[in-house]
Amino acid sequence: MAASTANSFVGKSVLITGGMGFIGSNLAIRLSELGAKVTILDSMIPDYGGNEFNVFPIRDKVRINYCDIRDENAVTYLVRDQDYVFHLAGQVCHLMSLSNPFPDIEINITGTAILMEALRKHNKDAIVVYTGTRGQYGASVSLPVNEEAPTNPKGIYEISNLSAEKIIKVYNDVHGIRSVLLRLSNIYGPRSQMKHSRFGVCNWFVRLALDNETIKVFGDGSILRDFLYADDCIEAIVQSALVPEAYGEIFNVGSDIPVNFIELVKTIVKVAQQGKWEYAEFSPERKAQEPGDFYSDVSKIAKIVGWKPTTSLEEGLAKTIEFYRKHREMYWANANEIAVALKS
Ligand SMILES: NC(=O)c1ccc[n+]([C@@H]2O[C@H](COP(=O)([O-])OP(=O)(O)OC[C@H]3O[C@@H](n4cnc5c(N)ncnc54)[C@H](O)[C@@H]3O)[C@@H](O)[C@H]2O)c1
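Fair warning: this is a prediction, and the values are worked out from it, not measured in the lab.

Draft legend 1. Representation of the overall build of the protein in the model. If you tally the helices and strands in the protein, you get 14 helices and 13 strands. In terms of overall size, the protein behaves like a compact globule, its C-alpha atoms giving a radius of gyration of 19 Å where 344 residues would be expected to give roughly 20 Å. In terms of principal-axis extent, the alpha carbons of the protein reach across some 55 × 55 × 45 Å. Every one of the 344 residues in the protein was classed for burial, and the buried ones make up 47%. Within the protein, contacts between residues at least 6 apart in sequence are counted, and of these 81% link residues at least 24 apart.

The following block contains the structure:
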């Protein structure tokens, strides 16, 4: 980050919705380091990614509000006087959205509308950054996928993210609330939920390796993805918030180096020096939702924001594995056990 950019958050008030989760907590730590006054809004819904331990390094520096993004009064109270709002709260699992679409509709769509209405009424000057998903594109028409590609989402989660993005864009275009709309690829790294396999595939594979379990690779393992290390993702979020030319724009945030699932699991096992893998059949549910090869064209964000990923897969996995080896009990355990451990 350029020196001038490094000082841009000093003394700024920032609200991070979903700040107890994977990406939100890494962002809270980074913004705290950059001198921002960080407020977190998070409902800690069980089985989602919120974890008390995630913000342990900055527990004395951040204000945490345990409330729901759908709580209009709480959101109205929290958006006042914020310079930046990073909107990361959400139901994030496409598998869960298949069996129950309502959390996605209520949290991701209605919750986003509640946030934007609160900003329209009480803080139109805040700058909003939203983290949508590459899943908004659905199956790739050509590779790499750029922001002009059609959006044909394959699940309710992805539809809800696309809807949230469009809601925020309308508030940018019609009400003048400046926003940056990011579409993240597969992010991996420290502070993810590691308790179940329903979302966060790369992190889950890391857990299986560290448990010396067998990682199951669906199909022939040739499907391509771009896995992006969390720190790179955080830099994209932070930097894009500061660039006026980025306001109102949609940007892919991914790695420009695609890998297939075989390469991914082989690298995990090599770096961890433990674990094993085998081929497995897709479940019908997963097969129906699999959009096939995907990797992001990140040239637009490189050109307008000046951001590029810098962490190789091996390097990112090494840092990820080191983190979970060190803090295993805080991620393998349930929320109550973590709360007790943090108090002792
Ligand atoms: N992790 C990825 O690979 C990835 C990829 C694409 C997009 N995204 C998007 O990035 C954002 C953050 O994802 P993440 O991976 O950090 O997930 P996460 O589950 O770790 O974090 C989401 C946080 O939102 C909170 N939350 C959920 N519902 C809430 C509600 N109703 N009110 C308040 N807080 C609520 C959760 O408690 C959790 O702490 C999401 O919008 C997600 O769709 C993530």
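There is more to say, and it comes next.
Draft legend 2. Structural view of the site of the ligand. Around the ligand, the surrounding shell holds 32 residues, and the nearest of these are Gly18, Gly21, Phe22, Gly49 and Gly50. Looking at the shell around the ligand, the elements that each hand over two or more residues are helix H2 (22-33), helix H5 (102-122), strand E5 (127-133) and strand E7 (186-188). A breakdown of the residues in the shell around the ligand according to their chemical character gives 14 nonpolar, 15 polar and 3 charged.

Draft legend 3. Looking closely at the sheet that holds strand E6 (residues 179-184). Pairing is parallel in the open sheet, where 7 strands are placed in the order E3-E2-E1-E4-E5-E6-E11. Two strands close off the open sheet at either side, each with one partner strand: strand E3 (63-65) and strand E11 (250-253). Adjacent strand axes in the sheet meet at a mean angle of 20°, parallel and antiparallel pairs treated alike. Here strand E2 (residues 37-41) runs beside E3; their pairing, made up of 3 bridges, is parallel. Its bridge partner being in E3, threonine 39 is matched across the sheet by arginine 63. Taken strand by strand, helix H8 (residues 230-241) contacts strand E4 (84-87), E5, E6 and E11, and its axis lies near 160° from that of E6.

Draft legend 4. Summary view of the nonpolar core. In this structure, Leu182, Cys233 and Ile237 are the most contacted members of the largest nonpolar core, which totals 84 residues. Not counting residues up to four positions away in its chain, the partners in contact with isoleucine 237 are Leu27, Phe86, Val129, Thr131 and Leu182. Formed by 8 residues, the second largest nonpolar core is a distinct cluster that contains Tyr48, Val92, Ile159 and Phe199.

Draft legend 5. Region of interest: the packing of helix H9 (residues 261-272) against helix H12 (residues 313-326). It is at 10 Å that the axes of H9 and H12 come closest, and there the two elements cross at 55°. As the angle between them shows, H9 and H12 are arranged oblique. In this structure, H9 crosses over H12, and the sense of that crossing is right-handed. Residue-level contacts link Thr267, Ile268, Val271 and Ala272 of H9 to Leu313, Glu314, Leu317, Ala318 and Ile321 of H12. Of the residues belonging to the contact of H9 with H12, the class tally is 7 nonpolar, 1 polar and 1 charged.

Draft legend 6. Representation of helix H6 (residues 156-173) within the structure. The terminal C-alpha atoms of H6, which comprises 18 residues, lie 25 Å apart, in line with the 26 Å expected from a rise of 1.5 Å per residue. With 14 of 18 residues buried, H6 lies mostly within the body of the structure.

Draft legend 7. Looking closely at the environment of asparagine 172. Following the sequence through the fold, asparagine 172 ends up in helix H6. Note: C-alpha distance between asparagine 172 and arginine 198 (26 residues apart in sequence) is 33 Å. Ignoring sequence-local partners within four residues, the contact set of asparagine 172 consists of Ile177, Arg178, Ser179, Tyr247 and Gly248.

Draft legend 8. Molecular detail of H5. Under the 1.5 Å per step criterion, the end-to-end length of H5 is 28 Å for 21 residues, consistent within 8% with the ideal 30 Å. Among the residues of H5, Asp104, Ile107, Asn108, Ile109, Gly111, Thr112, Leu115, Met116, Ala118 and Leu119 are the ones counted as buried. Structurally, H5 contributes buried residues whose contacts are with strand E1 (13-17), helix H3 (72-79), E4, helix H4 (94-99), E5 and H6.

Draft legend 9. How the structure looks around the environment of isoleucine 105. By the element assignment, isoleucine 105 lies in helix H5. For isoleucine 105, a count of 17 C-beta atoms within 10 Å puts it in the partly exposed group. Counting along the chain gives 52 residues from isoleucine 105 to phenylalanine 53, while the straight-line C-alpha distance between them is 28 Å. Not counting the four nearest positions on each side in its chain, isoleucine 105 is found in contact with Thr110 and Ser160.

Draft legend 10. Summary view of the environment of serine 140. Positionally, serine 140 belongs in the loop between E5 and H6. A count of 18 C-beta atoms within 10 Å places serine 140 in the partly exposed class. Once the C-alpha coordinates of serine 140 and proline 291 are considered, the two residues, 151 residues apart in sequence, prove to be 7.3 Å apart. When near neighbours in sequence (up to four residues on either side) are disregarded, serine 140 contacts Val145, Gly292, Asp293 and Phe294.

Draft legend 11. How the structure looks around unusual backbone geometry. With an omega of -10°, the peptide bond between leucine 143 and proline 144 qualifies as cis. Within the fold, proline 144 resides in the loop between E5 and H6. In this model, methionine 44 sits at a positive phi of 55°, which is unusual for a non-glycine residue. In this structure, methionine 44 sits in the loop between E2 and E3.

Conventions we followed
- Residues numbered from 1 in each chain as written.
- Predicted model: local features only at pLDDT ≥ 70, side-chain atom pairs only at ≥ 80, totals over all residues.
- Helix = DSSP H or I, 4+ residues; strand = E, 2+ residues; numbered from the N terminus.
- Rg over C-alpha atoms; globule rule 2.2 N^0.38 Å.
- Buried ≥ 20, exposed ≤ 12 C-beta atoms within 10 Å, placed from the backbone.
- Contact = placed C-beta atoms within 7 Å.
- Near = placed C-beta within 6 Å.
- Nonpolar A, V, L, I, M, F, W, Y, C, P; charged D, E, K, R; others polar.
- Pairing = 2+ DSSP bridges.
- Axes fitted to C-alpha atoms, helices over the stretch in contact; angles between N-to-C directions.
- Core = buried A, V, L, I, M, F, W, Y, C linked by C-beta atoms within 7 Å.
- Parallel < 35°, antiparallel > 145°, perpendicular 65-115°, else oblique.
- Left-handed = near helix turned anticlockwise from the far one by under 90°.
- Expected span 1.5 Å × (residues − 1).

None of the figures reported here should be taken as evidence of function without further support.
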